[in-house]
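Chain and residue survey
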Protein chains: 4
Amino acid sequence: MLRVMVCGAGGKMGREVVKAVHADAELVMAGGIDPSQAGNDVGTVAGIESLHIPMAASLDEVLGENKPDVIVDFTSPAIIFENAKKILGAGVHIVIGTTGLSQEQRDELAAIGKANNANCLVAPNFSLGAVMMMKVSAELAQYFPNVEIIELHHNHKYDAPSGTAVLTAKLINEAKAAANVVATEDLTRESLPGARGAKVDDVTIHSVRLPGYVAHQEVIFGGYDEALVVRHDSLSRLSFMPGVVLACKKIVEHPGLTYGLEHYL
Amino acid sequence: MLRVMVCGAGGKMGREVVKAVHADAELVMAGGIDPSQAGNDVGTVAGIESLHIPMAASLDEVLGENKPDVIVDFTSPAIIFENAKKILGAGVHIVIGTTGLSQEQRDELAAIGKANNANCLVAPNFSLGAVMMMKVSAELAQYFPNVEIIELHHNHKYDAPSGTAVLTAKLINEAKAAANVVATEDLTRESLPGARGAKVDDVTIHSVRLPGYVAHQEVIFGGYDEALVVRHDSLSRLSFMPGVVLACKKIVEHPGLTYGLEHYL
Amino acid sequence: MLRVMVCGAGGKMGREVVKAVHADAELVMAGGIDPSQAGNDVGTVAGIESLHIPMAASLDEVLGENKPDVIVDFTSPAIIFENAKKILGAGVHIVIGTTGLSQEQRDELAAIGKANNANCLVAPNFSLGAVMMMKVSAELAQYFPNVEIIELHHNHKYDAPSGTAVLTAKLINEAKAAANVVATEDLTRESLPGARGAKVDDVTIHSVRLPGYVAHQEVIFGGYDEALVVRHDSLSRLSFMPGVVLACKKIVEHPGLTYGLEHYL
Amino acid sequence: MLRVMVCGAGGKMGREVVKAVHADAELVMAGGIDPSQAGNDVGTVAGIESLHIPMAASLDEVLGENKPDVIVDFTSPAIIFENAKKILGAGVHIVIGTTGLSQEQRDELAAIGKANNANCLVAPNFSLGAVMMMKVSAELAQYFPNVEIIELHHNHKYDAPSGTAVLTAKLINEAKAAANVVATEDLTRESLPGARGAKVDDVTIHSVRLPGYVAHQEVIFGGYDEALVVRHDSLSRLSFMPGVVLACKKIVEHPGLTYGLEHYL
């Protein structure tokens, strides 16, 4: 049984991680760190039964004798890097949910982890569905090189396109380059600017922003008198939890720093 | 029983109209005009059984004693206007499928028709599905003012957005103005230009161009934790035929010049 | 300004109604009834700021001198009928969200309301999107009599088909009967029982039950080389709130008992 | 350059194969067999330019000195088996499009092919899109074991569910068994029989039959607050051609009898 702790266990994401880890039969919820909830019960804070574990005020309190096997960190990008250095330095595996680490930072974490036999997973998206959508899209692009992406998000999301759409496009472009296939040339003339969307190399992205949506994406492949569509619908951040639980279980088998949950599947 | 003739009866659309009119129990296929097929049997040219009607070489041949009740004209915009003046001048109703007539030309046709008790329908789209999609979209926009349109066509279609998408957007904008409702302000920032599509006033349009598609459109309405989508799929120009047949039957009841098949529904 | 009270204001739906009414500029949140929260502040119970209104323990406390214009009741079918008789008897309009009232009960409520100049709305579904989906589906069925419904719900929903799907099918069948149109005869042979779904007269319903879904429905119309789809996606019960607020505002203009929110649109 | 011939080259499918093979830069259209068109030019019969190749009346005429590398056979199941025995017996590779061969027949063909160094591909579906839809669906089912299939076909298709839907379900069930995962138990109660579709073991299938559709399928995966959909749309039998061309090119590399185009991808 792997012992798991959660950084930021009093936050929105952190509380969900506590619940998901506790509910899993193969993992043990061993502790939480959150200065604003120090001393309160980790389970109670998460909205479940008492786990009889007081919340730690800092990482230093939990990296000693009773240190866990894995720590999950969904706190802010600003502090994740310092957290990760400490955690890996203590020989504890770490699962990180952020897109905010530079290549240099990831290289430094990889070195610390190697020196201490601790593994590290950094993933921008823990939704199994989103990860699998990207994986099969790259696979399909070899056979169907004409691809467009439609992503639909709530109009509270201010930027467009979404990070997931851009990442999907990049993976598709790489798969097409590897398979040495290209899309038919796009000869369309825009009579209204923007109609034909944004381009990431050979892939077109359209961003819909409407109330009533959460996070959705369609990858559309045009063929010869046929079409294929892969659609992913995410209803809430809860869709990240199965991916976090899976990451906690598999991290022990993946030495070094891994970028992207897809490498664990 | 209404007697119907077809201008350009040897062309791609014309042959389909001959077949559709002939197959309808309430209409009589009474003749065709096509100089390139003059003298050949109208039915044989259309690929059905012989109708024992030789193709006429010009309109003048059919507007005399045995003139029909209705003529359908899907020939090129360049000659439709001259055809229509002759046909209405002869007191024959005309069903016109083109987007290429100016307001002045339509006014002139209306005047000629009025003087000769002949009605005229001009419609850019005879697909019942497309017409109904536009009609219900305008209806829904009063309750759901946040709207985006995705239209998908074969990548042989060079312009974007499609005429149907622009017309749908206009009808939605008119319906919203009449109901005095507006969309939530669009605050999204494009990190890649074009991601947020094209704007027709308050409605956003995204144009997908991929092989494997024919003519498809989704009108998406965002609500409060809910969304509505109206989707139309057209597999071929054959989808125009029920609308053409309906127009032939109803034109006698609609005096004057009518613009858009929706007014016959 | 209309004064609104909420029966069951401490329940899941009730708290959302309190918030939605309070947030609306044309309505005044005037009180709540919930014996289990008697004396607590109605706003605090709902999770918003204090409204300085103590929760009433029973209807009798609020139907006196300071009685409201409208009461919203989403409590259990078992007690709604008794509540409604009291409320209408006191000359107060009532908005009821339940499918559990019989025709006899509705007739009795109508009579009480009439005698006391109080109006009553009974609606099984307050989602504007669902109501509009049904309305436009009935409209489209006149032109496209071949219709199938696919409804998708979470697999926690034990019955199939959903009440909304059955109601949609009934409205479509009525519209088709009124327009005197019928679907093409269904000649399909099932090689596996159940493949062709359930029948409500002339309309076929398919029920999907999968985790990851909330409440979704597609109404699919087949045409001549074309198809139309109306799709509704509901992400949560919050999608009922705009309909409840609209009902509170419009109920004063609709004398008698009205069944279905569509009559207010 | 591989030399290809087509059995039944005067039939609907055969003519399309002639055109597709002729249009490919790496294949040579070397001849056709069709007794009803014997002596006519193979290209003219297919509706393209003359290829200066007279149609053969029987297989015997083409399996001599100038025999081709590959023969494509989309004729009727009744004669395909006899054709295939002759073709493989002559040491010529054969691409067969039928679902009508038994295991015993396939075993016999495999033996003949082995003895004569000739390869054989038997595939029920040559659409790359359909094949890839099945492949990725099996892949996704390991991570999302709750699966339902909706297939939509024209109402001229009399049986339900479609062969492709049943095959997809079987491949999904096999993938789930191999991954040792099962769907959540289906507890739904049908208030109308058929609502919950047909079962192929652990996978539910719903069959929509409406005019306006050709051949479409959605495979829907339910997850934890998320869902994935793979959709395939086929607009015509032309969607088989890229798969047939690919099969002609790859058959030389695949010794023995192969069942299913997916093994060539």
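Residues numbered from 1 in each chain as written. Chains lettered and ligands numbered in written order. Predicted model: local features only at pLDDT ≥ 70, side-chain atom pairs only at ≥ 80, totals over all residues. Heavy atoms only, no water.

For the rest of this paragraph, the subject is the overall build of chain A. Of the regular secondary structure elements, chain A holds seven helices and 13 strands. Overall, the C-alpha framework of chain A stretches about 65 × 40 × 30 Å when taken along its three principal axes. Sorting the 265 residues of chain A into buried and exposed places 58% on the buried side. The long-range fraction of contacts in chain A, counting pairs at least 24 apart against all pairs at least 6 apart in sequence, stands at 69%. On chain A, roughly 10,400 Å² of surface is accessible, and the fraction owed to carbon and sulfur atoms is 52%. (Helix = DSSP H or I, 4+ residues; strand = E, 2+ residues; numbered from the N terminus. Buried < 20%, exposed > 50% of the residue type's maximum accessible area, 1.4 Å probe, protein only. Contact = heavy atoms within 4.5 Å. Areas by Shrake-Rupley, 256 points an atom, 1.4 Å probe, with all protein chains shown as cover.)

A few words now on the relation of the copies chain A and chain B. Mapping chain A onto chain B calls for a rotation angle of 180° and an axial translation of 0.0 Å; the resulting RMSD is 0.1 Å. What the rotation and shift describe, once combined, is the action of a two-fold rotation axis. Taking C-alpha positions as the reference, the residue of chain A nearest the rotation axis is G194 of chain A, at 2.0 Å. A share of 100% of interface residues in chain A that are also interface residues in chain B marks the association as one of identical surfaces. (Least-squares fit on C-alpha atoms with pLDDT ≥ 70 in both.)

It is worth spelling out the relation of the copies chain D and chain C at this point. Each of the two chain copies goes to the other by way of a rotation about an axis and a shift along it. Screw-axis analysis of chain D against chain C gives a translation of 0.0 Å along the axis, an RMSD of 0.1 Å, and a rotation angle of 180°. Interface overlap between copies: 100% of the residues of chain D at the interface are likewise at the interface in chain C, consistent with a symmetric, same-surface contact.

What follows covers the pairing of strand β1 (residues 2-7) of chain C. Residue and element names in this part refer to chain C. Along β1, five of the six residues are buried, which leaves the element largely enclosed by surrounding structure. Relative to strand β2 (residues 27-33), β1 runs parallel, the two sharing six bridges. For C7, the partnering residue across the bridge sits in β2 and is I33. The β-α-β motif built from β1, the intervening helix α1 (residues 12-23) and the parallel element β2 has right-handed crossover chirality. Sheet topology note: the β1/strand β3 (residues 70-73) ladder contains four bridges and is parallel. (Pairing = 2+ DSSP bridges. Right-handed = clockwise from strand over helix to strand, strands pointing away.)

What follows is about the sheet that holds strand β6 (residues 146-153) of chain D. Overall, mixed pairing links the 10 strands, which are arranged β9(A)-β10(A)-β6(A)-β11(A)-β12(A)-β12(D)-β11(D)-β6(D)-β10(D)-β9(D) in an open sheet. Only two strands of the sheet have a single neighbouring strand rather than two, namely β9 (198-200) of chain A together with β9 (198-200) of chain D. Taken pair by pair, the neighbouring strands of this sheet meet at an average axis angle of 20°, ignoring direction. Lying on the sheet, helix α6 (residues 163-179) of chain A is in contact with β6 (146-153), β9, β10 (203-209) and β11 (215-222) of chain A; it crosses β10 of chain A at an angle near 165°. (Axes fitted to C-alpha atoms, helices over the stretch in contact; angles between N-to-C directions.)

Moving on, we get to the packing of aromatic side chains. This model, assessed by the stated rule, comprises four aromatic pairs over all chains. Just above the ring of Y259 of chain B sits the side chain of R106 of chain B; from NZ or CZ to the centre is 4.0 Å. (Phe/Tyr/Trp six-rings, centres within 6.5 Å; stacked < 30°, edge-to-face > 60°. Lys NZ or Arg CZ within 6 Å of the ring centre and 35° of its normal.)

Here we come to the pattern of salt bridges. Counting across every chain of the model gives 60 salt bridges over all chains. Its salt-bridge partner being E151 of chain C, residue R209 of chain C comes within 2.7 Å of it at the nearest N-O pair. Taken together, the residues R209 of chain C in strand β10 (residues 203-209) and E151 of chain C in strand β6 (residues 146-153) connect sequence positions 58 residues apart. Its relative accessible area of 4% is what places R209 of chain C among the buried residues. A salt bridge links K176 of chain D to D202 of chain D; its shortest N-O distance comes to 2.7 Å. Residue K176 of chain D is located in helix α6 (residues 163-179), and its partner D202 of chain D is located in the loop between β9 and β10 (203-209); the two are separated by 26 residues in the primary sequence. Overall, the relative accessible area of 29% leaves D202 of chain D in the partly exposed class. Each of E148, D186, R196 and K199 of chain A takes part in a single network of salt bridges with overlapping partners. (Salt bridge = Lys/Arg side-chain N within 4 Å of Asp/Glu carboxyl O.)

The next subject is the packing of α1 of chain C against helix α7 (residues 241-250) of chain C. Residue and element names in this part refer to chain C. In contact at an axis separation of 10 Å, α1 and α7 are set at 60° when each is read in the N-to-C sense. As summarised for this structure, α1 and α7 are arranged oblique, according to the angle between their axes. Pair α1 / α7 crosses with right-handed handedness. Contact with α1, carried on its side by M13, E16, V17, A20 and V21, involves M241, V244 and V245 of α7 and no other residues of that element. Considering only residue class, the contact of α1 with α7 consists of seven nonpolar, no polar and one charged. (Parallel < 35°, antiparallel > 145°, perpendicular 65-115°, else oblique. Left-handed = near helix turned anticlockwise from the far one by under 90°. Nonpolar A, V, L, I, M, F, W, Y, C, P; charged D, E, K, R; others polar.)

Each side of the interface is counted separately: chain A has 44 residues, and chain B has 44 residues. Of the roughly 3,100 Å² buried where chain A meets chain B, counting both sides, 62% is carbon and sulfur surface. Sorting the residues of chain A by area buried against chain B places Y158, L192 and L210 of chain A first, and these three jointly supply 16% of that buried surface. For the pair chain A and chain B, the interface holds zero salt bridges. Where chain A touches chain B, the interface holds 16 residue pairs in polar contact (both at pLDDT 80 or more). At the level of secondary structure, the elements contributing two or more residues to the side of chain A that touches chain B comprise β6, β7 (159-160), β8 (189-190), β9, β10, β11 and β12 (226-234) of chain A. Residues that form the side of chain A that touches chain B fall into these classes: 22 nonpolar, 12 polar and 10 charged. (Buried area = accessible area lost by both parts, 1.4 Å probe. Polar contact = N/O pair within 3.5 Å; in protein donor to acceptor, adjacent residues only side chain to side chain.)

Contact residues are listed per partner, giving 44 residues for chain D and 44 residues for chain C. Both faces combined, the contact of chain D with chain C buries some 3,100 Å², and carbon together with sulfur accounts for 61% of it. Taken as a group, Y158, L192 and L210 of chain D account for 15% of the area that chain D buries against chain C, more than any other trio of residues on that side. Between chain D and chain C we count zero salt bridges in total. Counting across the chain D and chain C interface gives 16 residue pairs in polar contact (both at pLDDT 80 or more).

Time to look at the UniProt feature "domain: Dihydrodipicolinate reductase N-terminal" (unreviewed entry) in chain A. Sites flagged by UniProt as "domain: Dihydrodipicolinate reductase N-terminal" (unreviewed entry) map to residues 3-126 of chain A. When the span residues 3-126 of chain A is considered, its composition is 35% helix and 20% strand, and the gap between its end C-alpha atoms is 20 Å. (UniProt positions renumbered as here; feature names shortened; annotations may be inferred.)

Below, the discussion takes up the nonpolar core. The biggest cluster of nonpolar side chains holds 111 residues, and the ones touching the most others in it are F126, F221 and L261 of chain B together with F126, F221 and L261 of chain C. Listed in part, the 110 residues of the second largest apolar core include A130, V147, I172 and V244 of chain A. (Core = buried A, V, L, I, M, F, W, Y, C linked by side-chain atoms within 4.5 Å.)

With that settled, consider the UniProt feature "binding site: (S)-2,3,4,5-tetrahydrodipicolinate" (unreviewed entry) in chain A. Residue and element names in this part refer to chain A. The feature "binding site: (S)-2,3,4,5-tetrahydrodipicolinate" (unreviewed entry), as given by UniProt, occupies H154, G163 and T164 in the numbering adopted here. By the element assignment, G163 lies in helix α6. By relative accessible area, T164 is classed as partly exposed at 22%. Ignoring sequence-local partners within four residues, the contact set of T164 consists of N125, M133, M134 and Q217.

With that out of the way, let us pick up unusual backbone geometry. In this chain, A160 of chain C is followed by P161 of chain C through a cis amide linkage whose omega measures 0°. Of note, P161 of chain C is situated in the loop between β7 (159-160) and α6 (163-179). Despite not being glycine, D201 of chain A shows a phi value in the positive range, around 50°. Tracing the chain through its elements places D201 of chain A in the loop between β9 and β10. In the Ramachandran plot, D225 of chain D falls in the positive-phi region, its phi being about 55° despite a non-glycine side chain. One can find D225 of chain D in the loop between β11 (215-222) and β12 (226-234). Look at D225 of chain D and you get partly exposed, because its relative accessible area is 26%.

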